[in-house]
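# A structural walkthrough
Here are the chains, one letter per residue:
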Amino acid sequence: MSDKRTKDTRQNPEEFVETVLSVRRVVKVIRGGRRLAFSALVVVGNRNGRIGLATGKSREVAMAITKALRRARKNMCDVPLYKTTIPYTVEARYGASHVLLRSASKGTGVIAGGAVRALMDAAGIKDILAKSIGSSNPGNVAHATLTALSKLRSAARIAQLRNKSVKEMCGVENVTAQ
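Source: prediction; values computed, not measured. (Residues numbered from 1 in each chain as written. Predicted model: local features only at pLDDT ≥ 70, side-chain atom pairs only at ≥ 80, totals over all residues. Heavy atoms only, no water.)

The next point concerns a nonpolar patch on the surface. On the surface, V27, V29 and L36 cluster together to form a nonpolar patch covering roughly 270 Å² of accessible area. Of note, L36 is situated in strand β3 (residues 33-45). We classify L36 as partly exposed; its relative accessible area is 42%. (Patch = residues over 30% accessible without salt bridge, like charges linked within 9 Å, V, L, I, M, F, W, Y side chains within 5 Å. Areas by Shrake-Rupley, 256 points an atom, 1.4 Å probe, with all protein chains shown as cover. Salt bridge = Lys/Arg side-chain N within 4 Å of Asp/Glu carboxyl O. Helix = DSSP H or I, 4+ residues; strand = E, 2+ residues; numbered from the N terminus. Buried < 20%, exposed > 50% of the residue type's maximum accessible area, 1.4 Å probe, protein only.)

Here it is as structure tokens:
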């Protein structure tokens, strides 16, 4: 069961875009019969490089979504952006899912599907090429995408790790740190 609901709040910069990727019904068989519960997978982002992903479980759908939203806001990570895309090509695996993310020129748009598209929208990435290989399970694809995005480093951060300035690292005089 897939539920694609998005709450868009652009008025306040601290407000987040909340997207429900999937809601699943799970059943536990007990002595007296079956016990129904729900599992919700949610992505949260501020469309400016901060993104979070989480799962919530409860007896009611609304409570499962609320738990997932709370957990996603708590476990957010930063994604370095270069203009409207990512700085370089990156890939990651999670379970049987493999995701490849490539930076794209301005105006390309988000060429991705399913869970990857929802994560890119929440992170504020407007131009990207993405390929999902292997399992198409939305949970595994979303986790693989988040893992790939968390591997990214900005030019300033790489220079800091190497104890150099961005200009020294690139060997170019007219480079600005993003």
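A word on helix α3 (residues 138-151). Spanning 14 residues, α3 covers 20 Å between terminal C-alpha atoms, matching the ideal 20 Å at 1.5 Å per step. Among the residues making up α3, those that are buried are G139, N140, V141, A142, A144, T145, L146, A148 and L149. If you check the start of α3, you find a side-chain oxygen 3.0 Å away from the backbone N of G139, and it comes from N137. (Expected span 1.5 Å × (residues − 1). Polar contact = N/O pair within 3.5 Å; in protein donor to acceptor, adjacent residues only side chain to side chain.)

Once that is clear, we can look at the environment of L53. Of note, L53 is situated in strand β4 (residues 50-58). A relative accessible area of 9% means that L53 is categorised as buried. Note: C-alpha distance between L53 and N75 (22 residues apart in sequence) is 7.3 Å. Other than its neighbours up to four places away in sequence, L53 contacts L21, L41, V42, V43, A72, A142, H143 and L146. (Contact = heavy atoms within 4.5 Å.)

The residue S97 is located in strand β7 (residues 97-103) in this model. Taking the relative accessible area as the measure of exposure, S97 reaches 0% and is therefore buried. Among the polar contacts listed, one links the side chain of S97 to the backbone oxygen of S135, at a separation of 2.9 Å. Setting aside its immediate chain neighbours within four residues, S97 contacts A92, I133, S135, N137, N140, V141 and A144.

In the case of a regular strand, side chains alternate between the two sheet surfaces. Looking at chain direction, strand β2 (residues 17-30) and β3 are connected through 13 bridges and run antiparallel. Considered in β3, the bridge of V26 is made with A37. Hairpin geometry of β2 and β3 is characterised by an intervening segment of 2 residues between the two adjacent antiparallel strands. Alignment of β3 against β4, held across 8 bridges, turns out to be antiparallel. Note that in β4 the partner of A40 across the bridge is G56. (Pairing = 2+ DSSP bridges.)

Turning to the pattern of salt bridges, a few remarks are in order. Under the definition given, this model contains 3 salt bridges. For E18, the salt bridge identified is with R73, shortest N-O distance 2.4 Å. Here the residue E18 occupies a position in strand β2, and R73 occupies one in helix α1 (residues 61-74), the gap between them amounting to 55 residues. Relative accessible area serves as the criterion here: at 36%, R73 is assigned to the partly exposed category. Between R50 and D78 there is a salt bridge, and its shortest N-O distance comes to 2.8 Å. Of this pair, R50 sits in strand β4 while D78 is found in strand β5 (residues 77-78), placing the two residues 28 residues apart along the sequence.

Relative to the elements of secondary structure, Y88 occurs in the loop between β5 and β6 (90-94). Under the relative-accessibility criterion, Y88 is labelled partly exposed at 30%. Remark: the alpha-carbon pair of Y88 and S154, spanning 66 residues in sequence, is separated by 9.5 Å. Those residues within four positions of Y88 in sequence are excluded, and the remaining contacts are L101, S103, K151, L152 and R153. In this structure the side chain of Y88 is engaged in a polar contact, spanning 2.9 Å, whose partner is the backbone nitrogen of R153.

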